[in-house]
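Read off the chains here:
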Amino acid sequence: MAEFTMELNDEQKEVRDWLHGFAADVIRPAAAEWDEREETPWPVIQEAAKVGIYSLDFYAQQYFDPTGLGIPMAMEELFWGDAGIALSIVGTGLAAVGVLANGTEEQIGTWIPQMYGDANDVKVAAFCSSEPDAGSDVASLRTRAVYDEAKDEWVLNGTKTWATNGGIANVHVVVAAVDPELGSKGHASFIVPPGTPGLAQGQKFKKHGIRASHTAEVVLDNVRVPGACLLGGKEKLDERLARARERAKTGGERVKNAAMATFEASRPAVGAMAVGTARAAYEVALDYAKTREQFGRPIIDNQGVAFQLADMRTQIDAARLLVWRASWMAVNGKPFTAAEGSMSKLYASETAKKVTAQAIQILGGNGYTREYPVERMHRDAAIYTIFEGTSEIQRLVIARTLSGMPIR
Ligand SMILES: Cc1cc2nc3c(=O)[nH]c(=O)nc-3n(C[C@H](O)[C@H](O)[C@H](O)COP(=O)(O)OP(=O)(O)OC[C@H]3O[C@@H](n4cnc5c(N)ncnc54)[C@H](O)[C@@H]3O)c2cc1C
């Protein structure tokens, strides 16, 4: 097990500087344009693919870094560049992780390369779990998967919503109920291969922030996929369902805890994205406060402004420490006895919202315009307290973990 460290090693610093260079030279200059266009920034994804940032190999390397700092460092730098573009670059990872977590080696080898494509022909992937009536309460999802034994095919029907890259993805990973009576224990994940009839993009959402990231409904109308598209395979699913049915009354807790551990491990990455956005806004505000003069002196000469910057930086550093701690715990298999993963996401996302709002205040009228990036950063920051579990859900998880009580 690696010791917890607050220092990046030389190799990590090199990767961080390389990512920072890409964020500063390629992502940041393109941010305002793609925010206004509200379209997927394909040329930027292609650039990222060319240099090796848009690839499973890169994220796998960071993920398996035993210090746990690889992923948070990478997320912070890319999202420092711009949240919408960075989500377009890392969004495929959500679907890839779905396959890595549940798929067989053959499924991983077949589908993940098709999710990314290559530098000359980049593709994206989508992970479709949320539904119009199943957001925070994901156990209540209604999309059904029914097995057609005669054809060895699964038939999917339902409507997914809020899917990042939904409808434009080459590969969709869809979570559906195989046995609705078992709640989340009766769910399974399916690959929907490119060009499968019956899958269509529904409404594309016009959003408040992260507008360079495509978010849409995905409608599944009698979508037939081969039996081999069930992640993990039929035998494993049947065993799992049989165990879940047996444990339905007495042992349900164990399954719930396994799912919770997965969320605890993935939430620090979202926390790191929030730290990136917060740091970006803080840097703009600090610079502005030192150069903007009113009443014959830089505005930072006023404690009212300087103290805000002191608080902003303190909260950003505190958020990063919570993120790094949780990420180190996840990689090293430490139990999340106080829901440290949720804590990191909660604190970092709330910090990003607060700090970006303070940055607008420090820039005054300029902060309120699209001439300066903090207005966009504030709109972007609002997503962090919503996706991957809202702040309320994080608090619920933390409170339940601390108390052992079924707090509602
Ligand atoms: C831009 C964007 C991208 C997304 N990308 C994806 C994606 O790629 N794939 C995917 O599957 N999903 C995705 N999502 C969905 C996202 O995870 C959900 O929006 C989120 O889980 C919240 O669900 P909801 O929007 O239905 O809100 P609701 O669950 O309806 O919540 C509404 C409000 O009620 C509160 N609330 C709900 N239950 C409780 C409770 N028990 N106690 C206290 N408060 C509660 C919530 O905190 C929130 O404030 C995305 C969403 C957005 C906006």
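You'll find the protein chain entered in an unreviewed UniProt entry as Alkylation response protein AidB-like acyl-CoA dehydrogenase, with Streptomyces achromogenes given as the organism. Checking UniProt for the protein chain, the heading Cofactor (unreviewed entry) contains the comment "FAD".

Draft legend 1. Looking closely at the side chain of Arg211. The topology assignment puts Arg211 in the loop between β8 (199-204) and β9 (215-226). Arg211 gets classed as buried once you look at its relative accessible area, which sits at 11%. Among the polar contacts listed, one links the side chain of Arg211 to the side chain of Asp35, at a separation of 3.0 Å. Sequence-distant contacts of Arg211, that is, excluding residues within four places in its chain, are made with Trp34, Asp35, Glu36, Glu38, Glu39, Arg370 and Arg379.

Draft legend 2. Representation of the site of the ligand. In the vicinity of the ligand there are 20 residues, among which Ser130, Ser136, Trp162, Thr390 and Glu392 approach most closely. Protein chains shield 66% of the accessible area of the ligand, which is 980 Å² for the free molecule. Going through the elements one at a time, β5 (153-164) and α12 (391-403) are the ones with two or more residues in the shell around the ligand. Residues of the shell around the ligand, tallied by class, amount to 10 nonpolar, 7 polar and 3 charged.

Draft legend 3. A look at the packing of aromatic side chains. Within this structure, the stated rule accounts for 10 aromatic pairs. Residues Tyr147 and Trp154 carry aromatic rings whose centres are separated by 4.9 Å and whose planes lie at 40 degrees to one another, so their mutual orientation is tilted. Residue Trp154 is classed as buried on the basis of its relative accessible area, which comes to 3%. Three or more aromatic residues joined by ring pairs make a cluster, and in this case those are Trp18, Phe58 and Tyr59. Its end group placed over the ring of Trp80, Arg28 keeps NZ or CZ at 4.0 Å from the ring centre. Lying over the aromatic face of Tyr147, Lys234 brings its terminal NZ or CZ to 4.8 Å of the ring centre.

Draft legend 4. Quick look at the packing of helix α2 (residues 42-51) against helix α5 (residues 83-102). The interhelical angle for the contact between α2 and α5, taken along N-to-C directions, is 55 degrees, at an axis separation of 10 Å. By the angle between their directions, the pair α2 and α5 is classed as oblique. Like other packed secondary-structure pairs, α2 and α5 cross with a definite hand, here right-handed. Contact with α2, carried on its side by Val44, Ile45 and Ala48, involves Ile85, Ser88 and Ile89 of α5 and no other residues of that element. Across the contact of α2 with α5, the residue classes tally to 5 nonpolar, 1 polar and no charged.

Draft legend 5. How the structure looks around the UniProt feature "domain: Acyl-CoA dehydrogenase/oxidase N-terminal" (unreviewed entry) in the protein chain. This chain's UniProt record puts "domain: Acyl-CoA dehydrogenase/oxidase N-terminal" (unreviewed entry) on residues 9-115. Between the first and last C-alpha atoms of residues 9-115 the distance is 31 Å; the span itself is 83% helix and 0% strand.

Draft legend 6. Structural detail: the nonpolar core. Judged by nonpolar contacts, the single largest core of 104 residues is most densely connected at Tyr59, Phe79, Ile89, Met115 and Tyr384. In terms of residue count, helix α8 (residues 252-291) provides more of this core than any other element does, 14 residues in total. When residues no more than four places from it in sequence are discounted, the contact partners of Met115 are Tyr54, Thr92, Ala95, Ala96, Val99, Lys123, Val124, Ala125, Val171 and Val173.

Draft legend 7. Up close: the pattern of salt bridges. Here the structure, examined in full by the defined rule, presents 27 salt bridges. Salt bridges here are not isolated pairs; linked through shared partners, they connect Asp35, Glu36, Glu38, Lys206, Arg211, Arg370, Glu375 and Arg379.

Draft legend 8. Just the state of the cysteines, in detail. On inspection of all chains with the given rule, the structure shows 0 disulfides. In this model Cys128 remains outside any disulfide bridge; the closest cysteine sulfur is found in Cys229, 14 Å from its own.

Draft legend 9. Just the side chain of Ser391, in detail. For Ser391, the position within the fold is in helix α12. What Ser391 contacts, discounting residues up to four positions off in sequence, is Leu346, Ser349, Glu350 and Thr385.

Draft legend 10. Representation of unusual backbone geometry in the model. Positive phi, close to 70 degrees, is recorded for Asn165, a residue that is not glycine. Relative to the assigned elements, Asn165 resides in the loop between β5 and β6 (171-177).

Draft legend 11. Representation of the packing of helix α4 (residues 70-81) against α5 within the structure. Between α4 and α5, the shortest axis-to-axis distance is 6 Å and the interhelical angle comes to 135 degrees. Relative to α5, α4 is oriented oblique. The two elements α4 and α5 cross, and the hand of that crossing is right-handed. Mapping the contact onto sequence places Met75, Leu78 and Phe79 in α4 and Ala83, Ala86, Leu87 and Val90 in α5. Of the residues in the contact of α4 with α5, the class split is 7 nonpolar, no polar and no charged.

Draft legend 12. Looking closely at the environment of Val305. The topology assignment puts Val305 in helix α9 (residues 303-331). The exposure class of Val305 is buried, given its relative accessible area of 15%. As for Val305 and Ile362, which are separated by 57 residues in sequence, their C-alpha atoms are 6.9 Å apart. Once you skip the residues sitting within four places of it in the chain, Val305 turns out to touch Ala289, Ile299, Ile300 and Ile362.

Calculation rules
- Residues numbered from 1 in each chain as written.
- Predicted model: local features only at pLDDT ≥ 70, side-chain atom pairs only at ≥ 80, totals over all residues.
- Heavy atoms only, no water.
- UniProt positions renumbered as here; feature names shortened; annotations may be inferred.
- Helix = DSSP H or I, 4+ residues; strand = E, 2+ residues; numbered from the N terminus.
- Buried < 20%, exposed > 50% of the residue type's maximum accessible area, 1.4 Å probe, protein only.
- Polar contact = N/O pair within 3.5 Å; in protein donor to acceptor, adjacent residues only side chain to side chain.
- Contact = heavy atoms within 4.5 Å.
- Near = heavy atom within 4 Å.
- Areas by Shrake-Rupley, 256 points an atom, 1.4 Å probe, with all protein chains shown as cover.
- Nonpolar A, V, L, I, M, F, W, Y, C, P; charged D, E, K, R; others polar.
- Phe/Tyr/Trp six-rings, centres within 6.5 Å; stacked < 30°, edge-to-face > 60°.
- Lys NZ or Arg CZ within 6 Å of the ring centre and 35° of its normal.
- Axes fitted to C-alpha atoms, helices over the stretch in contact; angles between N-to-C directions.
- Parallel < 35°, antiparallel > 145°, perpendicular 65-115°, else oblique.
- Left-handed = near helix turned anticlockwise from the far one by under 90°.
- Core = buried A, V, L, I, M, F, W, Y, C linked by side-chain atoms within 4.5 Å.
- Salt bridge = Lys/Arg side-chain N within 4 Å of Asp/Glu carboxyl O.
- Disulfide = S-S within 2.5 Å.

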